[in-house]
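# Architecture at a glance
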Amino acid sequence: MCGIVGYVGPRDSQDILIAGLARLEYRGYDSAGIAVIDGDGSLHSAKKAGKLAMLRDELASSPIAAGTTGIGHTRWATHGGPTDVNAHPHLADDDKLAVIHNGIIENFSELKAELLAEGYTFRSETDTEVSAVLLGREYSAHDGDLAAAFRAVVNRLEGAFTLLVMHQDHPGLVLGARRNSPLVIGLGEGENFLGSDVAAFVEHTRNALAIGQDQIAAITPEGVEVTDFAGNPVEAEPFEVKWDATAAEKGGWPSFMAKEISEEPEAVANTILGRVHDGKVVIPELDGMDELFAGISRIVIVGAGTAAYSALVGKYAIEQWARIPVDVELAHEFRYRDPLVGPDVLVISISQSGETMDTLMAVKEANRLGAKTLSICNTQGATIPRESDAVVYLHAGPEVAVASTKAFVAQITGLYLFALHVGRIRGTVSAEVQSEAIREFADLPEKIRWILENEQERIEQLAHWMADTRSVLFLGRHVGYPIALEGALKLKEISYIHAEGFAAGELKHGPIALVEPGLPVFVVVPSPSGAPTLHAKVVSNIQEIRARGARVIAIAEAGDAAVLPHADEVLRIPLAGPLFEPILAVVPLHIFAMGLANAKGLDVDQPRNLAKSVTVE
Ligand code: M6R
């Protein structure tokens, strides 16, 4: 969850570190800090609780020396509250070495007890400081060989970690290690970088190296070396970052979330790009897997949060088009319940970041059980794709706001493409259905644009009027049900309003007791054309809640007159086939959540207690 950046080269590292941290701040924003080694070989650091702006202020009022070797950290607190003292870097060996860390060191109490017994002292409550103090001890034990000392440390640690370290006796050297937590190398000219993800250095280079599990990278201005935890050299996998720094900037938008909602049309279009050939959906990355797809008996999709909701939508399409039974599981539940998967099961993980620890662990468990694993992911070079047998990248571009928006529509699109690809191989989807779906795909970006152009303002106004609302319900049926869940999650996470999503049919089994006069209820209304029975049922559900005083806000197709007499507000979406409707229906809900958070004056990009990438279990 924390953001990590490292630099070695000829330039002043402070600016590079702070700019890198600004791009990584979405990963955590409880505190931030940097450490640099100056020209005289002395280590200096500064750290501050709060957002990066607080560190910037601190550096402006109490500058530290310039240095060309440096590390920087932005924190999402796990062990120890978000205070100045608990902020990273943590120093040891008479403040000659600095350590920053992402993850959780599970055996930190045991290690701390060992070090305390030897007379070492600690300043913070963090698990990270234990690794710093341990490194100090090992540094002396290994006669100043930093790499050997670092290997000794990482081999003692349990849990998940990315660690960056540097020592003032070794200017021009930063070491990084990773286990179940992300770390990538950026390759520059006479300078090199380390980062939690490529956003840390994309402004300087788009040439990157992915580091594998349990590997250590040593960067100097002259080059990069990667070894395993035993010190054996290993090959790191090169890749080129497909987007540039401007893609990860606000570009005049008031927030990243606003920008990313506006990019939903392109997110869908870019996911489809290159995957339709001769009137058929063909995903080139899945070449050579036909036999596997023809033979599997079941699919399990794992993910968390919004990704899990896109998986729920995907289930309908895969079952309808590929005729394979699909179970959707929250990744954190999958691993701990002895899942029944084996070689005839395909486990698909879905993740924007490709780093979500719960999802990563589920993938590892699926691999251990002999299942085939496929990652549907938006972030190149991330850990989950690297741990999977195959990957389909979404190409939605970097998503920075904590609330996932454009990735959600891209994820559904990716799952639909997969369903059609596999359906074609299994002969379960006719040429006609295939062509119809391709037509729908082609129209989607323009239809999303229509919503943004014609409904956004009205939805934001509605959100403004509802700024004092205490509770909101979201209802949907069939593919509209996961959309209701997504609408509720988005509202909770950025506007801190109590919100629940329900399957509309479930209402009468309990949740209708929540309905009281004035309660706002969003209802995702299915298309009357494709699914008339479903449509009629939802209109009945609307009448049931309206009769109890609910204020109904329907999301319905333009032209759906049946809903008009029963709704207080109707948010219009363009006509689309029933399976394609969720990709449109979610857009007003994303806009609404953002509008309401804005109306309450909240930070929509960095909501409290959250981080973009949840890299702890
Ligand atoms: O990076 P991932 O897609 O794996 O992230 C999964 C969830 O943590 C994420 O979707 C989270 O629920 C979002 N903040 C929702 O907006």
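Every chain begins its residue count from 1, and numbering advances along the sequence as written. Per-residue local features of the predicted model are confined to residues with pLDDT of at least 70, and side-chain atom pairs are confined, for both listing and counting, to 80 or more; whole-chain, interface and lining totals are unaffected and use all residues. Working from all heavy atoms in the structure, the side-chain values ignore hydrogens and water.

### Some remarks on the overall build of the protein
The criterion, for reference: In this text, helices come from DSSP runs of H or I with a minimum length of four residues, and strands from runs of E with a minimum of two, each type numbered from the N-terminal end. Values of the radius of gyration come from C-alpha atoms, whereas the globule rule sets the reference at 2.2 Å times the count of residues to the power 0.38. The classification of residues rests on relative accessible area computed with a 1.4 Å probe and restricted to protein chains. Under 20% of the type maximum is buried, over 50% is exposed, and intermediate values are partly exposed. Throughout, a residue-residue contact means that at least one pair of heavy atoms, one from each residue, lies within 4.5 Å. Note on areas: Shrake-Rupley, 1.4 Å probe, and residue coverage restricted to the protein chains presented here. Charge assignment: positive for Lys and Arg, negative for Asp and Glu; neither His nor the chain ends contribute. Note on charges: their place is set at NZ of Lys, CZ of Arg, CG of Asp or CD of Glu.
Helix and strand counts for the protein stand at 18 helices and 26 strands. On C-alpha atoms alone, the protein measures out to a radius of gyration of 25 Å, which is about the 25 Å that the 2.2 N^0.38 rule sets for 617 residues. For the protein, the C-alpha atoms occupy an extent of roughly 80 × 55 × 45 Å along the three principal directions. Taken across its 617 residues, the protein has 61% of its residues classed as buried. Long-range contacts, defined here as pairs at least 24 residues apart, represent 71% of the contacts in the protein between residues at least 6 apart. Counting every atom, the protein has about 21900 Å² of accessible surface; 50% of that belongs to carbon and sulfur. A distance of 6 Å separates the average location of the 51 positive side-chain charges in the protein from that of its 82 negative side-chain charges.

### Focus on the nonpolar core
To keep things clear, this is the line we draw: Within this scheme, the nonpolar core is defined by two criteria: the residues are buried Ala, Val, Leu, Ile, Met, Phe, Trp, Tyr or Cys, and they are joined through side-chain atoms within 4.5 Å. Residue ranges assigned to the domains are those given by an automatic or database domain assignment.
The biggest cluster of nonpolar side chains holds 95 residues, and the ones touching the most others in it are Ile299, Trp321, Tyr416, Phe418 and Phe522. Shared between two domains, this core takes at least three residues from each, and those domains are domain 2 (256–445) and domain 3 (456–599).

### Points about the sheet that holds strand E12 (residues 215–219)
Rules: Strands are labelled as partners when DSSP assigns at least two bridges between them. Angular values range over 0 to 180 degrees, each being the angle between N-to-C directions of two axes fitted as lines to C-alpha atoms, with helices fitted over their stretch in contact.
Read from one edge of the open sheet, six strands run E5-E6-E7-E8-E12-E13, paired in antiparallel fashion. Every other strand in the sheet has two partners, leaving strand E5 (90–92) and strand E13 (224–228) as the edge strands with one partner each. Going from strand to strand, the sheet's axes swing by 20° on average, the running direction of each strand aside. Here E12 pairs with E13 via five bridges, running antiparallel. Bridge assignment links Ile219 to a residue of E13, and that residue is Val224. Where helix H4 (residues 127–141) meets the sheet, its contacts fall on E5, strand E6 (97–105) and strand E7 (159–167), and the angle it forms with E6 comes to roughly 135°.

### Focus: the pattern of salt bridges
The test is simple: Every case where a carboxyl oxygen of Asp or Glu lies within 4 Å of a side-chain nitrogen of Lys or Arg is listed as a salt bridge.
Inspection of every chain in the model, using the stated rule, returns 30 salt bridges. We note a salt bridge from Arg11 to Glu191, for which the minimum N-O separation is 2.8 Å. One end of the pair, Arg11, is in the loop between strand E1 (3–8) and helix H1 (13–24); the other, Glu191, is in the loop between strand E9 (184–187) and strand E10 (192–195), with 180 residues separating them in the sequence. Residue classification places Arg11 among the partly exposed residues on the basis of a relative accessible area of 34%.

### Observations regarding the site of the ligand
This is how it is decided: Residues are labelled near a given molecule or strand when at least one of their non-hydrogen atoms is within 4 Å of it. Pairs of N or O atoms are called polar contacts if they sit within 3.5 Å, as long as, within protein, a hydrogen donor faces a hydrogen acceptor (for residues adjacent in sequence, only side-chain-to-side-chain pairs).
Within the structure, the ligand sits among 14 residues, and Ser351, Gln352, Ser353, Thr356 and Glu493 are positioned closest to it. Between an oxygen atom of the ligand and a side-chain N or O atom of Thr356, the distance comes to 2.4 Å. One nitrogen or oxygen atom from the side chain of Lys490 is found 2.8 Å from an oxygen atom belonging to the ligand. Protein contact buries 91% of the 410 Å² of open area that the ligand shows by itself.

### Considering the domain arrangement of the protein
The condition is simple: Two parts placed together each lose some accessible area; with a 1.4 Å probe, that loss summed over both constitutes the buried area.
According to the domain assignment, the protein contains domain 1 (3–248), domain 2 (256–445) and domain 3 (456–599). The C-alpha centroid of domain 3 is placed 26 Å from the C-alpha centroid of domain 2. Facing the 27 residues of domain 2 at the interface are 22 residues of domain 3. Taking both partners together, domain 2 and domain 3 bury about 2100 Å²; carbon and sulfur atoms supply 78% of that area. When the buried area of domain 2 at its contact with domain 3 is split by residue, Tyr309, Tyr316 and Leu444 rank highest and sum to 26% of it. Applying the counting criterion to the domain 2 and domain 3 interface returns zero salt bridges. Here domain 2 and domain 3 share seven residue pairs in polar contact (both at pLDDT 80 or more) between them. At the level of elements, helix H6 (256–262), helix H7 (264–272), helix H9 (306–322), helix H13 (406–426) and helix H14 (431–454) are the ones that each hand at least two residues to the side of domain 2 that touches domain 3. With eight residues, H9 is the single largest residue contributor to the side of domain 2 that touches domain 3.

### Focus: the packing of H7 against H14
Geometry of a packed helix pair, given as the angle between the helix axes and the separation of the axes. Stated formally: For this classification, under 35 degrees means roughly parallel, over 145 means roughly antiparallel, 65 to 115 means roughly perpendicular, and everything else is oblique. Throughout this entry, Asp, Glu, Lys and Arg are counted as charged residues, while Ala, Val, Leu, Ile, Met, Phe, Trp, Tyr, Cys and Pro are counted as nonpolar. The remaining residues, Gly among them, count as polar.
Contact pair H7 / H14: the axes reach a minimum separation of 8 Å and the direction vectors enclose 175°. What the angle tells us is that H7 and H14 run roughly antiparallel. Taken together, the residues of H14 that come into contact with H7 (itself represented by Glu264, Pro265, Glu266, Val268, Ala269 and Ile272) are Phe441, Leu444, Pro445, Ile448, Arg449 and Leu452. Grouping the constituent residues of the contact of H7 with H14 by class yields nine nonpolar, no polar and three charged.

### A word on the state of the cysteines
Stated formally: Disulfide: a pair of cysteine sulfur atoms within 2.5 Å of each other.
All told, the structure shown has zero disulfides when counted by the stated rule. Looking at Cys2, it has no disulfide partner, and the nearest cysteine sulfur is the one in Cys377, 20 Å off. Overall, Cys2 belongs to the buried group, its relative accessible area being 5%.

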